[in-house]
Amino acid sequence: MSSAATTTYVLRGARPLGGDPVDLVLADGVVAELAPVGAARAADDDGTVVVDATGLVALPGLVDLHTHLREPGREDAETIASGTRAAAAGGFTAVHAMANTTPVADTAGVVEQVWRLGRDAGWVDVHPVGAVSVGLAGEQLAELGAMADSAARVRVFSDDGKCVDDPILMRRALEYVKAFDGVVAQHAQEPRLTEGAQMNEGVVSAELGLAGWPAVAEEAIIARDVLLAEHVGSRLHVCHLSTAGSVEIVRWAKGRGIDVTAEVTPHHLVLTDDLARGYDPTFKVNPPLRTAADVEAVREGLADGTIDIVATDHAPHAREDKDCEWAAAAFGMTGLETALSVVQQTMVDTGRMTWADVARVLSSAPARIGRIDTGERAQGRPLEVGEPANVTLVDPAARRVVDGAGQATASTNTPFQGRELPGAVVATFLRGRATVLDGAPVEAVAAGRGVGA
């Protein structure tokens, strides 16, 4: 089946944001028509592909603000091609690639390399995240302006994987990015309080004899940084918030009018530190899995808007980096192909959020924070006539058992292995070009075909 951008698709009976069914017509890269079911004019044209979307929810293409694609340097764990293929399979049409690669994405040359590899792969739009400091060392500002002015047009900067713990350097970064409306995304982890830490500090860590990672190590950095952002009048984004105290600090900061946004990962919406009892390194992640009380707090924070978005923190690893004893294992979990299902399970199926809310936290808000919501390649736009045809079709009634070996990502370190999750991505369209159809990636987009679409 052709996947060219010139193909017209009629998504018959789709339910935009879970509302009433319509025929959603995608043509010439945009949403061309929203018509009563069976009334779409394009359905009568030769070459039109009609997709039976009865019972399927149509969402704007998902946008991930926090993805580790590992290339350059760790292609044994993931490549830009495999990671973005996984993103498309998960319903994403854009991802932000974090800077902790080898070499670090701290120069215009490296971010342009990542950006071009993303365009060549063709699965999703890839927006590189630039490092805040040279080599993620936390000592000297990286080339923020050069990365912002590069072809990659970087607007998000983060040393994720490491905290910008020097308050002077953090202040300078916040001041610098104001010139081009950038944002600093902070990995909130006070290093002195987490030295040698292996899991959340609490009852379980005490029972297991593992070095604890206190909640205050995250909360102290967030408290400091929201005050710094207020002082310099800049934008701050908090990566993978995980504790009840962090939610309260962000809630306070927003009430004060500070320009702060925050994200939560899918795994922090559902998994707890009890999973460490089996010493399975799959569940070793940074920040660590917290308590059931923290899970409840972040769910509530997401529901009431304190937490702005869900971001996957997709962190693939080579098998040898996870298939070892807990202390030696790398931190991180994959997440691109399970994120939407986890959000459905924890937030939609529980009645805390609607599908319109899902579109906000997984599409429009991350696109706005990353400043990719305008222009001819805009993401996160509403499903309205004339808007870019970035669309995800999901079957909310489907049930599936997660199998890491069968996923598109090159790594298998999913924390949901063997678990049944609700919902399944049936189709993904990038500017009207199918990247996923009938639940499977459309291989014709690979190897550069569709570049520039």
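Residues numbered from 1 in each chain as written. Predicted model: local features only at pLDDT ≥ 70, side-chain atom pairs only at ≥ 80, totals over all residues. Heavy atoms only, no water.

**Student:** Can you break down the packing of aromatic side chains residue by residue, with the values?
**Tutor:** Scanning the entire structure with this criterion turns up 4 aromatic pairs. With a centroid separation of 5.7 Å and an interplanar angle of 75°, the aromatic rings of W213 and F331 are classed as edge-to-face. With W213 in strand β12 (residues 212-213) and F331 in the loop between α9 (319-322) and α10 (339-348), this pair connects stretches of sequence that are 118 residues apart. The exposure class of W213 is buried, given its relative accessible area of 3%. Through successive ring pairs, a cluster of aromatic residues spans F157, Y176 and F180. One Lys or Arg, K284, reaches over the ring of F331 and ends 4.6 Å from the middle of that ring. (Phe/Tyr/Trp six-rings, centres within 6.5 Å; stacked < 30°, edge-to-face > 60°. Helix = DSSP H or I, 4+ residues; strand = E, 2+ residues; numbered from the N terminus. Buried < 20%, exposed > 50% of the residue type's maximum accessible area, 1.4 Å probe, protein only. Lys NZ or Arg CZ within 6 Å of the ring centre and 35° of its normal.)

**Student:** Please provide a residue-by-residue account of the UniProt feature "binding site: Zn(2+) 1" (unreviewed entry) in the chain, values included.
**Tutor:** The residues that UniProt annotates with the feature "binding site: Zn(2+) 1" (unreviewed entry) are H66, H68, D160 and D313. Across 248 residues, the annotated set stays spatially compact, with a maximum C-alpha separation of 9.8 Å. Here D160 shows up in the loop between β9 (156-157) and α4 (167-177). A relative accessible area of 4% places D160 in the buried class. Discounting chain neighbours no more than four positions away, the residues touching D160 are H66, H68, M98, N100, H187, C239, H240 and D313. A polar atom in the side chain of D160 sits 2.9 Å from the side chain of H66. Relative to the elements of secondary structure, D313 occurs in the loop between β15 (309-310) and α9. (UniProt positions renumbered as here; feature names shortened; annotations may be inferred. Contact = heavy atoms within 4.5 Å. Polar contact = N/O pair within 3.5 Å; in protein donor to acceptor, adjacent residues only side chain to side chain.)

**Student:** Can you explain the UniProt feature "binding site: substrate" (unreviewed entry) in the chain? Please cite residues and give values.
**Tutor:** Annotation from UniProt places "binding site: substrate" (unreviewed entry) at H68, L69, R70, N100, N286, H317, F331 and G332. Position of H68 relative to the elements: it lies in the loop between β6 (62-67) and α1 (80-89). Here H68 is in contact with M98, N100, D160, D313, H314, A315 and P316, once residues within four sequence places are set aside. At a separation of 2.9 Å, a polar atom in the side chain of H68 contacts the side chain of N100. Take N100: it is sitting in the loop between β7 (92-97) and α2 (108-121). The partly exposed category is assigned to N100, whose relative accessible area is 26%. Ignoring anything within four residues of it in the chain, the contact list for N100 reads H68, R70, L136 and D160.

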